[in-house]
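Observations on chain architecture
The residues making up each chain are set out below.
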Amino acid sequence: MTVRKRHWAVFGTSVTVAVCGGVWMTSNWDAVRRENGVSVHRETKSPEEIRKYWTPERIRNAEPAEMPVWNPCEHFPHLLSPDCW
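Let us look at the structure shown here. (Residues numbered from 1 in each chain as written. Predicted model: local features only at pLDDT ≥ 70, side-chain atom pairs only at ≥ 80, totals over all residues. Heavy atoms only, no water.)

Now for the overall build of the protein. Along the protein, the regular secondary structure elements total 4 helices and 0 strands. What you see in the protein, going N to C, is helices and strands ordered as α-α-α-α. Summing over all exposed atoms, the protein offers an accessible surface of approximately 8200 Å²; the carbon and sulfur share of this is 60%. (Helix = DSSP H or I, 4+ residues; strand = E, 2+ residues; numbered from the N terminus. Areas by Shrake-Rupley, 256 points an atom, 1.4 Å probe, with all protein chains shown as cover.)

This part covers the packing of aromatic side chains. A ring pair, where both rings are aromatic, is described by two values, the distance of the centres and the angle of the planes. This model, assessed by the stated rule, comprises 2 aromatic pairs. Their ring planes at 85 degrees and their centres at 5.7 Å tell us that Trp-8 and Phe-11 sit as a pair that is edge-to-face. Of the two residues, Trp-8 and Phe-11 are both situated in helix α1 (residues 3–34); the distance of 3 residues between them amounts to about one turn of the helix. What makes Trp-8 exposed here is its relative accessible area of 58%. Between Tyr-53 and Trp-54, the ring centres sit 5.2 Å apart and the planes meet at 90 degrees, which makes this aromatic pair edge-to-face. Note on Tyr-53: relative accessible area 41%, which makes it partly exposed. Judged by its relative accessible area of 40%, Trp-54 is partly exposed. (Phe/Tyr/Trp six-rings, centres within 6.5 Å; stacked < 30°, edge-to-face > 60°. Buried < 20%, exposed > 50% of the residue type's maximum accessible area, 1.4 Å probe, protein only.)

A cluster of nonpolar side chains, Trp-8, Phe-11, Val-15, Val-19 and Val-23, forms an exposed patch at the surface whose accessible area comes to about 530 Å². Tracing the backbone through its elements, the reader meets Val-15 in helix α1. Among the residues examined, Val-15 registers a relative accessible area of 38% and is labelled partly exposed. (Patch = residues over 30% accessible without salt bridge, like charges linked within 9 Å, V, L, I, M, F, W, Y side chains within 5 Å. Salt bridge = Lys/Arg side-chain N within 4 Å of Asp/Glu carboxyl O.)

Set out below in structure tokens:
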């Protein structure tokens, strides 16, 4: 194989790997964006209505909600982050 053909082979392989890697990362990024575990709820009641709802008994019996924890190794493929290796 001549030097020129070898250079084209290396270049073609590099471009193929770069394009495939970009497509792979894009397809996984869409899933990460949808499954980030964050939910938003806007309250439409007035502050007075909310204060009336939270009686001392309800406050005593209230339990804290579980807070979402984002683990990058869980959502991203392990090859994207050196911390997950």
